[in-house]
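# A structural walkthrough
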Amino acid sequence: MFEFDREIDRRGTWSVQWDGISDRFGVSDLLPFTISDMDFASPPAVLDALRARVDHGVFGYTDWRLGEFREAVRDWYASRYGAEVDPEAMVYAPSVLSQLSQLLRMWTEPGDGVVVHTPTYDGFRKAVTGLGRELRGVPLGDTEALERELARPDSRMLLLCSPHNPTGRVWREDELTEFARLAERHGAAVVSDEIHADLTGAGHRHVPWTAVAEPGRGRRWALVTSGTKAFNFPALSGSYGFLGDPEERAEFVRRMETGEGLASPAVLSLTAHIAAYRHGAPWLDALRGYVAGTMTMAAERLAAGLPDLAWTPPQAGYLAWIDLRPLGIDETTLQEELVTKEKVAIMPGGVYGTPGFVRLNLGCPRTKAERGVDALVRAAARLRS
């Protein structure tokens, strides 16, 4: 029904993953498995809606609070997660990271600590350190370390990735409840980035932060997200969020509309979001099944060629986070081998603060994914011999 096996030539489209490959790896003729966007066309329902909006021909100033954008989000959360969200509690911004940057300015000061789980999405690191805050990492699953960092007097924020990037970990409801309890105890604000939520795999359940946090005056928490990741239209921009405190919410909107100049959002982003949330569920479900099949293929080929890895597919998303340490292979050496011998580009774990791993983007047609996994197996096998 949907053509996930169709390979689409993305070269010459100003693609960061394809056309920007030489900026990171020094050469341009590589097969990329890097930046976390997919090689699939956006859902037909989204493309049809975009064509209709373009055919209208007028692209004047818009307001995200008009029309059905907020209602589409509300209905999506109800149908997808069984969660109630208040459209009146919603905010809008050009991207999830722009929301995070604004919240960092509102809720922290230069020099304050921001607690994250390691490995850490590199966009978090850039946003936090770029604003002069201190990134404080704790290993996934280490609750004692988490509380120890939150207990430091100048730790002002807990920054979550839910589901987690790059590992694909889906947080259980009891884990999220514990995070909320610890943040409340130590007076830390919470920002939960949930842009990967719609890519949660079968057998796992995403719990929105709105379901565990308490709204009301003095509640400094925010859920920030976007449909751009799951439905693959990140270049259209656009994100939304929910803030617990009404006064903080009003302040966020004021800052975005004045200091940041967000007077009018990208109309095609609003169009794409509404179409995705109203009509994109069948495509998304098919995509999740296709990606699951690709992950199974990767697990089988890694088990056959590099059994010491004992790699298992992630709980969410299309990013394979692979621990190379059982092989005793240096990631820098492996990357050089992949680039020079295999003509393949994969993200090294050091980008996420955890050397000894690689992140392989498998959001692509199966034939491309097979080439990437096989190249990784061959390169690693050569370095072990």
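The structure we're discussing is the one just above.
The text that follows walks through the structure, step by step, so that each part is easy to find. This is a predicted model, so every value here is computed, not measured.

## Some words on the overall build of the protein
- Counting its regular elements, the protein contains 12 helices and 11 strands.
- In terms of overall dimensions, the protein has a C-alpha envelope of 60 × 55 × 40 Å along the principal axes.
- Taken across its 385 residues, the protein has 54% of its residues classed as buried.
- Considering only residue pairs separated by 6 or more positions, the protein has 75% of its internal contacts joining residues 24 or more positions apart.
- Approximately 16,300 Å² of the protein is accessible, and the part contributed by carbon and sulfur atoms is 51%.
- Taking the average location of the 43 positive side-chain charges in the protein and that of its 53 negative ones, the two points are 1 Å from each other.

## What about the packing of aromatic side chains?
- A complete count under the given rule lists 20 aromatic pairs for this structure.
- Seen from their ring centres, Phe69 and Tyr240 are 6.0 Å apart, and the 80° between their planes marks the pair as edge-to-face. Taken as a pair, Phe69 in helix 3 (residues 69–81) and Tyr240 in strand 8 (residues 239–243) lie far apart in primary sequence, 171 residues in all.
- For Tyr240, a relative accessible area of 1% corresponds to the buried category.

## Focus: the sheet that holds strand 10 (residues 344–348)
- On the basis of which strands lie adjacent, the open sheet formed by four strands has the order 1-10-11-9 and mixed pairing. At either margin of the open sheet sits one strand with a lone partner, and together these are strand 1 (31–33) and strand 9 (319–323). For this sheet the average axis-to-axis angle between neighbouring strands, irrespective of direction, equals 35°.
- Relative to strand 10, helix 11 (residues 331–342) is tilted by about 165°, and along the sheet it contacts strand 10 and strand 11 (357–361).

## Digging into the side chain of Thr354
- Relative to the assigned elements, Thr354 resides in the loop between strand 10 and strand 11.
- In contact with Thr354, other than residues within four places in its own chain, are Pro119, Trp321, Glu331 and Gly349.

## A word on the layout of surface pockets
- Here the largest pocket defines a volume of roughly 1,300 Å³.
- Residue lining of the largest pocket: 45 residues in total, with Ser36, Asp37, Phe233, Pro234 and Ala235 positioned closest to the centre.
- Secondary-structure elements contributing two or more residues to the lining of the largest pocket are helix 2 (44–56), helix 4 (96–107) and helix 5 (122–130).
- Counting residues per element, the lining of the largest pocket draws most heavily on helix 5, at three residues.
- Looking at the lining of the largest pocket residue by residue, the classes come out as 21 nonpolar, 14 polar and 10 charged.
- By volume, the second largest pocket is sized at about 360 Å³.
- Lining the second largest pocket we find 18 residues, and of these Ala180, Ala183, Glu184, Arg219 and Trp221 sit closest to its centre.

## Concerning the pattern of salt bridges
- Tallied over the entire structure, the rule returns 41 salt bridges.
- Put simply, Asp39 and Arg10 hold a salt bridge, and the shortest N to O gap is 2.8 Å. Of this pair, Asp39 sits in the loop between strand 1 and helix 2 while Arg10 sits in the segment before helix 1 (21–25), and the two are 29 residues apart along the sequence.
- Notably, a salt bridge pairs Arg169 with Glu175, separated by 2.4 Å at the nearest N-O pair.

## Description of helix 7 (residues 173–186)
- The terminal C-alpha atoms of helix 7 lie 20 Å apart, and with 14 residues this matches the ideal 20 Å at 1.5 Å per residue to within 8%.
- What helix 7 keeps buried is the set Glu175, Leu176, Phe179, Ala180, Leu182 and Ala183. Seen end-on, helix 7 carries its buried residues on one side only, within an arc spanning 165°.
- Looking at the buried residues of helix 7, the elements they touch are strand 3 (113–118), helix 6 (143–150), strand 5 (155–161) and strand 6 (189–193).
- Note on helix 7: the residue one or two positions beyond its end, Gly187, has a positive phi of about 70°.

## Examining helix 9 (residues 267–279)
- Between its first and last C-alpha, helix 9 extends 18 Å over 13 residues, near the 18 Å set by a 1.5 Å rise per residue.
- Most of helix 9 is tucked away, with 10 of its 13 residues classed as buried.
- Residues Val267, Ser269, Leu270, Thr271, Ala272, His273, Ile274, Ala275, Ala276 and Tyr277 constitute the buried set of helix 9.
- Residues of helix 9 that are buried in the fold lie against helix 2, helix 3, strand 2 (90–93), strand 8 and helix 10 (281–305).

What counts as what
- Residues numbered from 1 in each chain as written.
- Predicted model: local features only at pLDDT ≥ 70, side-chain atom pairs only at ≥ 80, totals over all residues.
- Heavy atoms only, no water.
- Helix = DSSP H or I, 4+ residues; strand = E, 2+ residues; numbered from the N terminus.
- Buried < 20%, exposed > 50% of the residue type's maximum accessible area, 1.4 Å probe, protein only.
- Contact = heavy atoms within 4.5 Å.
- Areas by Shrake-Rupley, 256 points an atom, 1.4 Å probe, with all protein chains shown as cover.
- Lys, Arg positive; Asp, Glu negative; His and termini not counted.
- Charge placed at Lys NZ, Arg CZ, Asp CG, Glu CD.
- Phe/Tyr/Trp six-rings, centres within 6.5 Å; stacked < 30°, edge-to-face > 60°.
- Pairing = 2+ DSSP bridges.
- Axes fitted to C-alpha atoms, helices over the stretch in contact; angles between N-to-C directions.
- 1 Å grid on protein atoms, 1.4 Å probe; cavity = no way out; pocket = protein on both sides within 12 Å on 5 of 7 lines; lining within 4 Å.
- Points joined across faces, edges and corners; volume = space filled by probe spheres on them.
- Nonpolar A, V, L, I, M, F, W, Y, C, P; charged D, E, K, R; others polar.
- Salt bridge = Lys/Arg side-chain N within 4 Å of Asp/Glu carboxyl O.
- Expected span 1.5 Å × (residues − 1).
- Arc of directions from axis to C-beta.

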